[in-house]
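Secondary and tertiary structure notes
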Amino acid sequence: MRFSQRLFLTLLCVLSCLPLPAQQSDTTAKKLPPTLPPAQWQRPRTLDVKHIALNLRFDWQKKQAFGTAKITLAPLSNVSATQAIMLDAAMMTINAITLADGKPVKFDYENTDKNNNLKIYTNRTITVGEDVTLTIDYRTNWVNVPDPNSLGGSTGKGLRFYDKTSVEPRKRRHCWSMAELNSNRYWFPCYDDLGDVRTSEITATVEKPLSVISNGKLLETRNNPNGTRTFHWKMDTPHANYQTSIAIGEFLDIPRKQEGTELHTYCFPDEKEASIASTARLADMVKFFGEQTGVKYPFASYSQVVAHDLPWGMASIGTSTLSENMIDDFGTHADFLYLWDWLEGEALAHQWFGNAITVRDWSDIWLHRAFSLYFSNLYCEYKNGREEFLLYNHGVFSLTSALGDWNGGVRRPVVTKYYESAQTIATDNTTYFRGAVMLNMLRQHLGESKWRRAIQGYVQSNLRKQVTTEDFRKACEDAAGEPLDWFFAQWMYGIGHPKFVVNKSYDAASKRLTLSLKQTQQRDSASAYPQTTYFQGKMVIAVDGRMETVWIEPKAENTFTFASEAAPKLVNVDYENAWLKEITFEKSLDELLYQLQNDQDITGRRWAMGELSTLAKNGKTTNADKEHIYAGLRAVITGKSYWRLKYMALLGLHSLLAPNTAAGWIPIADAKPVQLDEATVSAVLTSIQNDTAWTRTAAINFLSTTADPKHESVYLRYLNDPSDRVINAAALALGRCKSTKAFDVLVKLKDKPSWKNQSLISTLNGLKALKDPRGADIALTAFKDLASPRWTLATPVWDYRIAAAETLVALGKADAAYPFTLDCLKKALAENDMNDIFNTILLITTLADPRGDEAFALAKAKLKDDANAMAALEQFEGQFRQAVKKR
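Sequence order as written defines the numbering, with residues in each chain counted from 1. Residue-level local features of this predicted model are given only where pLDDT is at least 70; pairs of side-chain atoms are given and counted only at 80 or more, and the full residue set underlies all totals for whole chains, interfaces and linings. Hydrogens and water are ignored here; the side-chain numbers use all heavy atoms of the structure.

**Comments concerning the sheet that holds strand β16 (residues 261-267)**
Which entries qualify depends on this criterion: Two strands are counted as paired when DSSP detects at least two bridges linking them. The helix count covers DSSP runs of H or I at least four residues long, the strand count covers runs of E at least two residues long, and both are numbered beginning at the N terminus. Fitted lines through C-alpha atoms give the axes, limited to the stretch in contact for helices. The angle between two N-to-C directions lies from 0 to 180 degrees.
Taking strand neighbours across the sheet as the criterion, the 5 strands line up as β15-β16-β17-β19-β18 in an open arrangement whose pairing is mixed. Edge positions in the open sheet fall to β15 (252-258) and β18 (313-316), since each of these has one partner strand only. Strand-to-strand twist in this sheet, taken as the mean axis angle between neighbours without regard to direction, amounts to 15°.

**Considerations on the packing of aromatic side chains**
Rule in force here: The pairing test for Phe, Tyr and Trp rings, Trp by its six-membered ring, is centres within 6.5 Å, and the orientation test on the planes gives stacked under 30 degrees, edge-to-face over 60, and tilted for anything in between. Each residue's exposure class comes from its accessible area (1.4 Å probe, protein chains only) as a fraction of the maximum for that residue type: buried when under 20%, exposed when over 50%, partly exposed otherwise. In this scheme, Lys NZ or Arg CZ marks a charge over a ring once it lies within 6 Å of the ring centre and within 35 degrees of the ring normal.
Scanning the entire structure with this criterion turns up 44 aromatic pairs. Look at F288 and Y382: their rings are 4.9 Å apart centre to centre, the planes differ by 20°, and that puts the pair in the stacked class. Taken together, the positions of F288 in helix α2 (residues 282-293) and Y382 in helix α5 (residues 366-384) put the pair 94 residues apart, joining distant regions of the chain. Ring centres of F856 and F880 lie 5.1 Å apart, and the angle between their planes is 45°; this geometry places the pair in the tilted category. Here F856 is found in helix α26 (residues 852-863), whereas its partner F880 is found in helix α27 (residues 867-886), with 24 residues between them in sequence. The class for F856 is buried, based on a relative accessible area of 0%. For F880, a relative accessible area of 1% corresponds to the buried category. Of note, K171 hangs over the ring of Y162, and the distance from its end group to the ring centre comes to 5.3 Å.

**A look at the pattern of salt bridges**
Oppositely charged side chains can pair when the atoms bearing their charge come close. What counts is decided by this rule: The term salt bridge refers to a side-chain nitrogen of Lys or Arg lying within 4 Å of a carboxyl oxygen of Asp or Glu.
Taken as a whole and assessed by the stated rule, the structure comprises 52 salt bridges. D131 is the salt-bridge partner of K50, the closest N and O atoms lying 2.8 Å from each other. Of this pair, K50 sits in strand β1 (residues 47-59) while D131 sits in the loop between β6 (118-121) and β7 (132-140), and the two are 81 residues apart along the sequence. On the accessibility criterion, D131 (44% relative accessible area) is partly exposed. A salt bridge links R443 to E448, with the nearest nitrogen and oxygen atoms 2.8 Å apart. With relative accessibility at 9%, the residue R443 sits in the buried group. Since its relative accessible area comes to 48%, E448 is described here as partly exposed.

**Observations concerning the environment of T279**
For clarity, the threshold we go by: A contact between two residues is defined here by any heavy atoms of the two lying within 4.5 Å. Contacts described as polar in this section are N or O atom pairs within 3.5 Å, which, within protein, must combine one atom able to donate a hydrogen with one able to accept it, while residues neighboring in sequence count only if both atoms come from side chains.
Along the chain, T279 falls in the loop between α1 (272-278) and α2. Assessed through its relative accessible area of 1%, T279 is described here as buried. The sequence separation of T279 and R160 amounts to 119 residues, and the corresponding C-alpha distance is 24 Å. For T279, the residues in contact, after removing those within four places along its chain, are R256, T265, Q304, M326 and E344. A polar contact is formed between the side chain of T279 and the backbone oxygen of S275, at a distance of 2.7 Å.

**Description of α5**
For clarity, the threshold we go by: To estimate the expected span of a helix, count its residues, drop one, and scale the result by 1.5 Å.
Along its 19 residues, α5 runs 25 Å from first to last C-alpha, staying within 8% of the 27 Å computed at 1.5 Å per residue. Across the 19 residues of α5, 17 count as buried, placing the element largely inside the fold. Within two residues after α5, G385 carries a phi angle of roughly 105°, on the positive side.

**Remarks on the sheet that holds strand β10 (residues 197-207)**
Across the sheet, which stays open at both edges, the 7 strands sit in the order β4-β7-β2-β1-β10-β13-β12 with mixed pairing between neighbours. A single partner strand is all that each edge strand has here, and the edge strands are β4 (92-99) and β12 (217-223). On average, each strand axis in the sheet is tilted by 15° relative to the strand beside it, whichever way the strands run. Note: β1 against strand β2 (residues 64-75), 12 bridges, orientation antiparallel. Bridge pairing in β2 places L47 opposite P75.

**Here we look at helix α22 (residues 775-784)**
When you tally the buried positions in α22, you get 7 out of 10 residues, the bulk of the element. Where α22 is concerned, the buried positions are G775, A776, I778, A779, L780, A782 and F783. On its buried side, α22 packs onto α20 (742-749), α21 (758-770), α23 (800-810), α24 (818-831) and α25 (834-847).

**Quick notes on the nonpolar core**
This is how the line gets drawn: Residues grouped as a nonpolar core are buried Ala, Val, Leu, Ile, Met, Phe, Trp, Tyr and Cys residues, joined through side-chain atoms within 4.5 Å.
Core analysis: the largest hydrophobic core is formed by 215 residues, its most contacted members being F58, W362, W366, F371, F375, Y458 and F472. Residues contacting F375, with those up to four places away along its chain left out, are F288, F289, Q292, A349, F353, W451 and I455. The next biggest cluster of nonpolar side chains, apart from the first, holds 21 residues, and it includes A828, F838, F856 and F880.

**Re the packing of helix α13 (residues 602-617) against helix α14 (residues 623-638)**
Using the following cut-off: In this scheme the handedness of a crossing depends on how the near helix is turned from the far one: anticlockwise by less than a right angle means left-handed, clockwise means right-handed. Residues are grouped as follows: Ala, Val, Leu, Ile, Met, Phe, Trp, Tyr, Cys and Pro are nonpolar; Asp, Glu, Lys and Arg are charged; all remaining types, including Gly, are polar.
In contact at an axis separation of 10 Å, α13 and α14 are set at 150° when each is read in the N-to-C sense. In the crossing of α13 with α14, the sense of the turn from one axis to the other is left-handed. Together, R605, M609, L612, L615 and A616 of α13 and K626, I629, Y630, L633 and V636 of α14 make up the contact between the two elements. Looking at the contact of α13 with α14 residue by residue, the class counts come to 8 nonpolar, no polar and 2 charged.

**Quick word on the packing of α13 against helix α15 (residues 643-657)**
So the rule is basically this: For this classification, under 35 degrees means roughly parallel, over 145 means roughly antiparallel, 65 to 115 means roughly perpendicular, and everything else is oblique.
Look at α13 against α15: their axes get within 11 Å of each other, and the N-to-C directions meet at 5°. Here α15 runs roughly parallel to α13, going by the angle between their axes. Contacts from I602, R605, R606, M609, S613, A616 and K617 in α13 reach L645, M648, A649, S655 and L656 in α15. Across the contact of α13 with α15, the residue classes break down as 7 nonpolar, 2 polar and 3 charged.

**A few points about unusual backbone geometry**
Across the junction of K208 and P209, the peptide omega takes the value 5°, indicating a cis bond. For E259, which is not glycine, the phi torsion reads 50° and is therefore positive. Tracing the sequence through the fold places E259 in the loop between β15 and β16. By relative accessible area, which is 53% here, E259 ends up exposed. The residue D309 is not glycine, and still its phi comes out positive at about 65°. With respect to the element layout, D309 can be found in the loop between β17 (301-307) and β18. Accessibility expressed as a relative area gives 14% for D309, which makes it buried.

**Describing the side chain of T261**
Inspection of the secondary structure puts T261 in strand β16. Using a relative accessible area of 11% as the deciding quantity, one classes T261 as buried. Beyond its immediate chain neighbours, meaning those up to four positions away, T261 contacts R256, Y297, F299, A300 and S301.

**Comments concerning the pairing of β15**
Taken together, the 7 bridges between β15 and β16 define a ladder with antiparallel strand orientation. In the strand pairing of β16, P255 is matched with H264. The turn linking β15 back onto β16 is made up of 2 residues, and E259 within it adopts a positive phi angle of 50°.

**Description of the pairing of strand β24 (residues 537-543)**
Moving residue by residue along a regular strand, the side chains alternate between the two faces of the sheet. Along β24, 6 of the 7 residues are buried, which leaves the element largely enclosed by surrounding structure. One ladder, built from 7 bridges, connects β24 with strand β25 (residues 546-552); its direction is antiparallel. For V543, the partnering residue across the bridge sits in β25 and is R546. Linking β24 back to β25 in an antiparallel pair, the connection comprises 2 residues, with D544 at a positive phi of about 50°. Of the pairings in the sheet, the one linking β24 to strand β27 (residues 571-573) comprises 3 bridges and is antiparallel in character. Bridging from a neighbouring strand, V543 pairs with V571 of β27.

**Digging into the confidence of the model for the protein**
Defined as follows: Values of pLDDT, ranging from 0 to 100, describe the predictor's confidence in every residue of the model.
In this model, the protein carries an average pLDDT of 92, and 94% of its residues clear a pLDDT of 70 or more. Contacts for the low-pLDDT stretch residues 2-30, under 50 throughout, to residues beyond four places or in other chains number 68 contacts. Segment residues 787-796: pLDDT under 50, and 27 contacts once partners within four positions in sequence are set aside and those in other chains are kept.

Laid out in structure tokens, this is it:
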């Protein structure tokens, strides 16, 4: 699974057409025809690996694993005495290889990450199907270094070791593997290919109090006389090599059961209560996915384990490793439920779509990724409601990402043999988001009953098998009773989407509404991928709330007529926004305002809101019409709409009436005050008093743009809100209005218990806006004092140091923090900890002290041979110089 923030990691594959050299006498530029990336054919199998057993220990100082890999395999063709058995072992030291009888054998090893780089000679003929057991004594050399271009977490390959440092003494001793995409060859010798499945077991010895979590069943935990413990895990279900994983750390097990299935959440001991809160829906998710697929959870048990420095998560067989960021206390998790349920659900759904059913080849990897994402979205729909699914899961993420990629020039089919690398096709937005949109379109085309039959037929008939997209198509056709080759051809195997231009007319005499849908999209001349000229399919059109299902034929223009007693007030083309499309449908101001308030489809209301916002920003729109638009948005804010639509209306009205006071939903502390009319202030106050945490937060941020001290009492009251999002907004607003009570109240706020020091962050943000010079001492203490008793919890706090740095800059005291920061950088460079190095570089960039040139020079000297790190340094240095100039 992607497991990109979410929230999300994306590798883009861009196709271009290169011009020929200008050798002609004329000036006409000739271009090469469009070409495809190289074809990625399935690796020819030479072996059938039956079982792999690892016995490992770990060197934390060198960040290495060492031990043995005992591999039982059979050749798929005869191997003569002079031929080699070939395995994959990336960047290792191979000490010795022995047969089952203990006899050593010769081997050749190429210290690369290529296929077949470990050649083993048994000096005897091995016939087809004959089992051979090899024991490889080895040590890893590859260090999975965090990516400095992704400080929110990264994945890499092999084992990621994580331990406390002098700069970050709160870090936990921790290790996890990246169970993805040819990554396991970096921590154990193997045959690293999707086409081969085998059983596995891992025996790992670690010092107390560390534990080891892996795949399958924990057979034994053994205490050793030397203060270590040995854990023995075994997975009896055959699985692809990339589905093996390991996680090491000090964990506490939160056990649950769902219909006899053991469920385990392995969390950090000091986060027990928060972990219970954050994973409360796990058993319900297991039940839901079982009902949706018609197959109960397909393995004996399920384990999920949290990990630091992971941006999202990854699923292996029977086990998932998830970002520790999803663990929050009850209040914080309630605010971020919509995000973290997505992560937990996506990892769990992968056990059906990816582990119980596995693709044969990376070209079909959407059957893992998009299915896991979409079924997580379905759980969110089931638990949080249809409107949340439509606006957030399907709308904000899947549709927006798919269209954004296309408009950004990232264009490939969901299913293709032509791609740059397995990493690309397995992690990009096309595989996840476009794939999820296609599943939603297919669901709409089939209808709920046939959709459920198709999914259950697909899962039940392919359980424990390797599949292709054609297997899924067959299941859909069996359920639908109709051919669907056209659907898969235009949406899965081809690129593009329709661009509709809609026109409507009403004939009062015949009482008929006529709709014309023109497809105006152009083929991408720079791409050699299959493309659909005109798209076809089922579409739902709502006419004054009456649903009309039409068939879009594959032609330039489709015309439809509908009976209507009067000119319709509301026509919604593509009800609930099912199609991947762009649409132009010109409507009058009155029509848009009516749709904003009355459409039964929340995506139609959201579309009308966007059209109205565009209209309000148009210089040709009269002030009177703008006032009508503002009034329409206020009506949404104060009405009975779903909270997320209200939230969007608040952000939209904020951007119209108080531009340049926020970056998205994040307020700008030192923005110039604005004046808001009484009607808007009244609407905002109503929202603060009556709505959810996120809408209260947006409303307080909006109100704070006035910097009016008369609202002081509102901000003071909401410093006691249950949500830290609201508290942070209130603290910032209190600082903005320069309340005489602000300083004392903000100082007191920092000592309020909160999850991961959110109270301190709120204090710092408030002081940044207040600009009271007395705040500098508080900010400097927060910036420097890592050893303060309040901050020595093992759980890493949310990074208040960024907030402290921004506060010091706002108060003109950044120079006081620079010497400490430079000292931290020197320590980080000495310890060669990439996270510490670049988190410190981020602080230096934020402080914008001109002396920071020295810091960048030191970092460059240390990292000069690391191209990726130097690229990140170059980016930070550019930001640093801009900040210094601005300062």
